[in-house]
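Fold and geometry: a report
Each chain, letter by letter, is given below.
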Amino acid sequence: MNKYSRNLPVQNPGKAETGIDGFDEITHGGLPRGRTTLLEGGPGSGKTLFALRFLVHGAQDRHEPGIFVAFEETSKRIVANAENFRWNLPELQRKKLFFLDAQPTPDLVQSGGFDLGGMLAALGAPVKAMGARRIVFDAIDIVLALLPDATAKRREIYRLHEWLLTSELTGLITTKADGDEASSLSAQPFGFMQFMVDCAVLLNHRVELGVSQRNLRIQKYRGSNFDENEAPFVIGKNGFDVAISRMLGQVDTKVTNERVTSGVKRLDTMLGGGYYRGATVLITGFPGTAKTTLGGAFTQAACKRGERTMFIGFDSDGTEVIRNLKSVGIRLDRYIKSDVLRMISARSITGSAEAMLVRMKALTQEHKARCLVIDPVSTLAKAGNELTAHGVAERLIDWCKSDGITLVCTSLLDEMHGPAQGGASLHISTLADTWIHLNYLVQAGERNRGLSIIKSRGTSHSNQVRELILSDAGVTLADIYTAGGEVLMGTMRWERESAERVANEIAVVAGKLKRVSLDAEAAVLEVRAKSLQTELVAKNVEKTLLVRTTASRAGELSRGHTRMRELRGGDAAVTGSKGGRS
Amino acid sequence: MNPRSLFKFRLYVAGDTPNSLQAMSNLGALCQKILPNRHEIEIVDVFREPKRALADGIFMTPTLLRLMPSPMRKVVGTLSQAGSVLQALGLENVAA
């Protein structure tokens, strides 16, 4: 045992990994180890492929050699059919994978009862020689059909079960079923097998409105909890891919505060810096509201940063998109040449939304894209996919988030629906982080594009409707004009703006004029003030002059009196006259 | 077909399970009755010699192989329905 599990620390010891994407997750590790699993499904539901994948994974990646007992198809055909998948069966067949052809030959004559003891005994040899840990009995119903009665059938199944248990192999038995479990229990002669085994898996393949939908459901799993719901799956390049959403308990993805530009400068401002990296952006709008153009602007900006980007267009060819975007100044062709950008046109793809998602995933992973644009994502909800579309959209967003891919998807709105429905049956609007809505405003004989941000998680964002203007210089946003409760766009906005410009100019000129006249008045007053000042100085001079002449005259007068008294000699000389004498 | 030619059989059995024992006795009785002294029976127990069973492509037991005369014929089961066994082994004419 430790020979096989030594270098596999992550493996659940009680379970045998199948290597099927998604299946190991919903079963929390794979099929029950050392026990028996029943795999039921209708024709073409993928039973053999599932079983083969289980063996290949064991042989290739888990050092658990396996044996494939083929009751229906010959091993040659199985190997040939599996050539499309990169499994390298011929190489594995040498040591780790053993095919046992146990198809009843058409000329086989049967007489009386028989049992499977011979086969099981015969299998003992290769099991021992290879050290096999896994075994598949493909289409057990074929051999059971040869048995004469129900008792014999039951006996052989128990024999098989016993053998599996004693040999400690992880067994997988496939059998045909309608897929519809209600009828399979009663109508099926091997219904009791479901009770006997430890794990039962149902594969379903039905067609809804011409679109094939594959489903897988785990009916029972003894001793383990599991995801009980139907899980869609597709048969793709790797063989088998079960679609799951991340379940509770799984680690949340890394969240960054990094912003990436939307490609339109003013839109970034409206969003408070752009989209978050790894966010999901939904652009909704009626046909022709420039959804693709916004997607293109984002693509160009991402490519300019040198980030690998993927543009998946369901509406038109890649070359068409490039040509159309060129007319608004978005040039993508050079990035395609440098392999930064990859354009996928998927106009003609029909099929289940699940298959589309898997294809998109594969292509995106192949390109190692960090930014993904899907135009429009509403294609996923086309006829036949109404029921699954929402789940697919959920998984798309989930996957992008866990891979850190910034996703911009456009969604076409029906003329009949308002934006409240946001992508109709997809309900993607509730999942998206940022929802930008584009609308037409018809007014005064014009149709103008309006852009508004309906929601943007975690970023402050403008509440304003902006006018989206497409020109050969690029995509810009203009403020719209609100006047008297009315929103003006296009020509009316322009008219209003130019009227304001004229009014502004007049006001500026009038202001200038007023200033000049005031300047003149001030100058006049200043001149007057100066002349008055001069006059004042003159007056002051005059005043002092007057004082001086008065004083000297008074002196002269008193000296004259004294002299006169001296000359008259009638009075005694006063002191003051002595000075006058000397 | 030469009516006097030798018939060679190989019977694969799974130990002494009821089916196997029944097949052995049915085959023995049949040969005694129709092919006295011109038959050879080899009994192979798959539990003892699984590799031989694998080589011969034996998945159900008991299985009877008619090795001679060629071509090889294969009959699965306890051989309890004598009519169909004779037909399968090409013995209808011999029996008549």
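Values in this document were obtained by computation on a predicted structure and should not be read as measured data.

**Quick word on the overall build of chain A**
From N to C terminus, chain A includes 18 helices and 25 strands. When the 582 residues of chain A are sorted by exposure, 41% land in the buried category. Summarising the internal contacts of chain A: among those between residues at least 6 apart in sequence, 71% fall at separations of at least 24.

**Details of the overall build of chain B**
The secondary structure content of chain B amounts to four helices and four strands. Along its sequence from the N terminus, chain B presents helices and strands in the succession β-α-β-α-β-β-α-α. The burial tally for chain B puts 33% of its 96 residues in the buried class. Within chain B, residue pairs in contact and separated by at least 24 positions form 65% of the contacts whose partners lie at least 6 positions apart.

**Structural notes on the confidence of the model for chain A**
All names here are of chain A. With 85% of its residues at a pLDDT of 70 or more, chain A shows a mean pLDDT of 79. Taken together, the stretch residues 1-10 has pLDDT below 50 and engages in seven contacts with residues farther than four places along the chain or on a different chain. Within the model, pLDDT remains below 50 along residues 181-187, and this stretch shows nine contacts once partners closer than five positions in the same chain are excluded.

**Points about the interface of chain A and chain B**
Between chain A and chain B, the contact holds 17 residues from the first and 27 residues from the second. When residues in the side of chain A that touches chain B are grouped by element, the largest group, seven residues, is from helix H6 (residues 117-130) of chain A. Among the residues forming the side of chain A that touches chain B, the class breakdown is nine nonpolar, seven polar and one charged. Direction of pairing for strand E6 (residues 109-110) of chain A relative to strand E4 (residues 73-76) of chain B: parallel, over a ladder of two bridges. Across the sheet, the residue bridging to Val-109 of chain A is Val-75 of chain B, located in E4 of chain B.

**Examining the sheet that holds strand E18 (residues 371-375) of chain A**
Residues and elements named next belong to chain A. Read from one edge of the open sheet, nine strands run E17-E16-E18-E19-E15-E20-E21-E22-E23, paired in mixed fashion. Strands with a single pairing partner mark the edges of an open sheet, and in this sheet they are strand E17 (341-345) and strand E23 (474-479). Taking the axes of each pair of neighbouring strands and ignoring which way they run, one obtains an average angle of 20° across the sheet. When strand E22 (residues 466-471) meets E23, the two strands line up antiparallel, connected through six bridges. Note on E23: the bridge partner recorded for Leu-468 is Leu-477. Of the strands in this sheet, strand E15 (280-285), strand E16 (309-313), E17, E18, strand E19 (406-412), strand E20 (434-443), E22 and E23 are in contact with helix H12 (residues 291-304), which crosses E18 at around 165°.

**Remarks on the environment of Ile-140 of chain A**
Residue and element names in this part refer to chain A. When you line up the elements, Ile-140 lands in helix H7 (residues 140-144). Using a count of 23 C-beta atoms within 10 Å as the deciding quantity, one classes Ile-140 as buried. When the C-alpha atoms of Ile-140 and Val-69 are compared, they prove to be 9.2 Å apart, with 71 residues separating the residues in sequence.

The rules behind each value
Residues numbered from 1 in each chain as written. Chains lettered and ligands numbered in written order. Predicted model: local features only at pLDDT ≥ 70, side-chain atom pairs only at ≥ 80, totals over all residues. Helix = DSSP H or I, 4+ residues; strand = E, 2+ residues; numbered from the N terminus. Buried ≥ 20, exposed ≤ 12 C-beta atoms within 10 Å, placed from the backbone. Contact = placed C-beta atoms within 7 Å. pLDDT = per-residue confidence, 0-100. Nonpolar A, V, L, I, M, F, W, Y, C, P; charged D, E, K, R; others polar. Pairing = 2+ DSSP bridges. Axes fitted to C-alpha atoms, helices over the stretch in contact; angles between N-to-C directions.

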